[in-house]
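Each chain, letter by letter, is given below.
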Amino acid sequence: MSKAPSITLNNGVAMPQLGFGVWQVPDDEAAKAVGTALDAGYRSIDTAAIYENEKGTGQAIAASDLPREELFVTTKLWNSEQGYDATLRAFDASLGRLGLEYVDLYLIHWPLPSKDVYVETYKAFEKILADGRARAIGVSNFLPEHLERLIGETSIVPAVNQIELHPHLQQAESRAFHARHGIATEAWSPLGQGKGLLDSPALVAIARKYDRTPAQVVLRWHLQAGNVVIPKSVTPSRIRENIDVFDFALDADDLAAVAALDEGRRLGPDPATYDVC
Ligand code: NAD
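Each value, and the rule that gives it
- Residues numbered from 1 in each chain as written.
- Predicted model: local features only at pLDDT ≥ 70, side-chain atom pairs only at ≥ 80, totals over all residues.
- Heavy atoms only, no water.
- Helix = DSSP H or I, 4+ residues; strand = E, 2+ residues; numbered from the N terminus.
- Rg over C-alpha atoms; globule rule 2.2 N^0.38 Å.
- Buried < 20%, exposed > 50% of the residue type's maximum accessible area, 1.4 Å probe, protein only.
- Contact = heavy atoms within 4.5 Å.
- Areas by Shrake-Rupley, 256 points an atom, 1.4 Å probe, with all protein chains shown as cover.
- Lys, Arg positive; Asp, Glu negative; His and termini not counted.
- Charge placed at Lys NZ, Arg CZ, Asp CG, Glu CD.
- Near = heavy atom within 4 Å.
- Polar contact = N/O pair within 3.5 Å; in protein donor to acceptor, adjacent residues only side chain to side chain.
- Nonpolar A, V, L, I, M, F, W, Y, C, P; charged D, E, K, R; others polar.
- Pairing = 2+ DSSP bridges.
- Axes fitted to C-alpha atoms, helices over the stretch in contact; angles between N-to-C directions.
- Parallel < 35°, antiparallel > 145°, perpendicular 65-115°, else oblique.
- Phe/Tyr/Trp six-rings, centres within 6.5 Å; stacked < 30°, edge-to-face > 60°.
- Lys NZ or Arg CZ within 6 Å of the ring centre and 35° of its normal.
- Salt bridge = Lys/Arg side-chain N within 4 Å of Asp/Glu carboxyl O.
- Right-handed = clockwise from strand over helix to strand, strands pointing away.

**Student:** What is the right way to read the overall build of the chain from this model?
**Tutor:** Of regular secondary structure, the chain possesses ten helices and ten strands. By the compact-globule yardstick of 19 Å for 277 residues, the chain fits well, its C-alpha radius of gyration being 18 Å. With the C-alpha coordinates aligned to their principal axes, the bounding extent of the chain is approximately 55 × 40 × 35 Å. When the 277 residues of the chain are sorted by exposure, 55% land in the buried category. Summarising the internal contacts of the chain: among those between residues at least 6 apart in sequence, 75% fall at separations of at least 24. Carbon and sulfur atoms make up 50% of the accessible area of the chain, which amounts to about 11600 Å² in all. Across the chain, the centroid of the 26 positively charged side chains sits 2 Å from that of the 37 negatively charged ones.

As structure tokens, this is what we get:
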């Protein structure tokens, strides 16, 4: 049984609000980690071509006896493959590695403003959607200015923008832009990559109050804010802990204490300048 409730994307497709991220999980360990996550009740998996673990992810999906329609699989187009034709080829390759007929969500991994090809790239995404090979399309790491332009020059508003988002980087401006345009906000590094954030005295105190862990408090904060989250772990007990967050709620004081942790500090690159291919 899925343990996570779903949100409805702007094209009517349901997406679990909590999924499993597999960045930095080697391909030969991905099948085991994803298998553990599926057993724990996760139904949404977030991979990417650049993670080089689409194959292992696909193996776990094939090995599970879950019907395909109960799963929500996201993958992402890597930067070097942007451009209309290159995107169509890269998408075929991702599907091949995953061993799937379609993905649930396909994302442009980074906007690469210096290359200026994300509009053309997104037009290939619109074709993939029209062909029924992705159930929803979206972007990742897009700033409001990139979204503005995409919305102005293409016909389908992205269903999702997956951005770095955690208590140290709360992204008020992007979240407000997404809300105005019906774009779901998906948080990458939702736990702030673990160390540092999870030791915050404020989070430790809230965790104590509910007899939960700081990681569970952070995930609850995201869920109550309406964010989609994709925490990553390869430790089975943490994989289970991270989805066991649907039977308690933070109160207004807790939410205010987490809001006060915002430092506007990125762990990852700045999308305005990142151009690694
Ligand atoms: P995360 O915030 O999910 O943190 C993961 C780390 O936190 C783990 O490696 C572990 O050290 C620790 N951790 C996990 N569960 C814990 C628990 N219960 N208690 C204590 N520590 C715990 O970081 P992430 O992996 O960077 O992000 C999650 C997912 O987001 C990735 O796997 C990937 O799918 C996605 N992502 C996307 C982008 C992008 O550019 N679109 C970038 C980074 C990550």
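**Student:** How do you make sense of the site of the ligand when you look at a structure like this?
**Tutor:** Surrounding the ligand, one finds 27 residues, the nearest of these being Asp46, Ser140, Ser189, Leu191 and Asn242. Asp46 places a polar side-chain atom, nitrogen or oxygen, 2.7 Å from an oxygen atom of the ligand. Measuring from a nitrogen atom of the ligand, one finds a side-chain N or O atom of Ser140 at 2.8 Å. About the coverage of the ligand: the protein hides 89% of its 840 Å² of free accessible area. Of the residues belonging to the shell around the ligand, the class tally is eleven nonpolar, eleven polar and five charged.

**Student:** Could you clarify how one ought to interpret the sheet that holds strand 8 (residues 160-164) in this entry?
**Tutor:** Across the sheet, which stays open at both edges, the eight strands sit in the order 3-4-5-6-7-8-9-10 with parallel pairing between neighbours. Edge strands, defined here as strands with exactly one partner in the open sheet, are strand 3 (20-21) and strand 10 (228-229). Where strand 4 (residues 44-46) and strand 5 (residues 72-77) come together, three bridges link them in parallel fashion. Following the sheet pairing, Asp46 is matched in strand 5 by Thr74.

**Student:** Which parts of the structure should I look at to understand the packing of helix 7 (residues 201-210) against helix 8 (residues 214-225)?
**Tutor:** The geometry of a pair of packed helices is captured by two quantities: the angle between their axes and the separation between those axes. Relative orientation of the contacting elements helix 7 and helix 8 amounts to 95°, with a least axis distance of 8 Å. It follows from the interaxial angle that helix 7 and helix 8 lie roughly perpendicular. Here helix 7 contributes Leu203, Val204, Ile206 and Ala207 to the contact with helix 8, which in turn contributes Pro214, Val217 and Val218. Among the residues forming the contact of helix 7 with helix 8, the class breakdown is seven nonpolar, no polar and no charged.

**Student:** Looking at this structure, I do not really get the packing of aromatic side chains. What am I missing?
**Tutor:** Aromatic ring pairs are defined here through the distance separating the ring centres and the angle between the ring planes. In the structure shown here, the tally under the stated rule is eight aromatic pairs. Three or more aromatic residues joined by ring pairs form one cluster here, namely Phe91, Tyr106, Tyr122 and Phe125. Above the ring of Tyr102, the side-chain terminus of Arg68 is found at 4.0 Å from the ring centroid.

**Student:** Mind showing me how you'd approach the side chain of Asn141 here?
**Tutor:** Checked against the element boundaries, Asn141 lands in the loop between strand 7 (134-140) and helix 5 (144-153). A distance of 2.8 Å separates a polar atom in the side chain of Asn141 from a polar atom in the side chain of Trp188. For Asn141, the residues in contact, after removing those within four places along its chain, are His109, Trp110, Pro111, Asn161, Gln162, Ile163, Glu164, Trp188 and Pro271.

**Student:** Mind showing me how you'd approach unusual backbone geometry here?
**Tutor:** Note: most residues except glycine have negative phi, and most peptide bonds are trans. Phi at Glu52 takes a positive value of approximately 55°, unusual for a residue other than glycine. Positive phi values are uncommon outside glycine, yet Asn141 reaches one of about 65°. Note on Asn141: relative accessible area 4%, which makes it buried.

**Student:** So what exactly am I meant to see when it comes to the side chain of Glu164 here?
**Tutor:** Along the chain, Glu164 turns up in strand 8. Buried charged residue Glu164 carries no salt bridge. Nearest counter-charge: Arg266, at 4.5 Å. Side-chain polar atoms of Glu164 contact the backbone nitrogen of Leu267, separated by 2.6 Å. When sequence neighbours within four positions are dropped, the list of residues in contact with Glu164 reads Asn141, Leu169, Gln171, Trp188, Arg265, Arg266, Leu267 and Gly268.

**Student:** Hey, could you run me through the packing of helix 2 (residues 54-63) against helix 3 (residues 84-98) in this one?
**Tutor:** It is at 7 Å that the axes of helix 2 and helix 3 come closest, and there the two elements cross at 45°. One element, helix 2, and the other, helix 3, form an angle in the oblique class. Along its contact with helix 2, which presents Glu54, Lys55, Thr57 and Gly58, the element helix 3 presents Ser94, Arg97 and Leu98. Here the residues of the contact of helix 2 with helix 3 sort into one nonpolar, three polar and three charged.

**Student:** Explain the pairing of strand 7 to me, please; I cannot follow it from the model alone.
**Tutor:** A regular strand places its side chains on the two faces of the sheet in alternate fashion. Summarising burial for strand 7: six of the seven residues are buried, a large majority. Bridge count for strand 6 (residues 103-108) against strand 7 is five bridges, and the pairing is parallel. Residue pairing across strands places Leu107 opposite Gly138, the latter belonging to strand 7. You can see the chain leave strand 6, run along helix 4 (residues 118-130) and come back into strand 7, and the turn it takes is right-handed. In this sheet, strand 8 lies alongside strand 7 in parallel orientation, the contact comprising two bridges. Following the sheet pairing, Val139 is matched in strand 8 by Asn161. In this view, the connection linking strand 7 to its parallel neighbour strand 8 by way of helix 5 has right-handed handedness.

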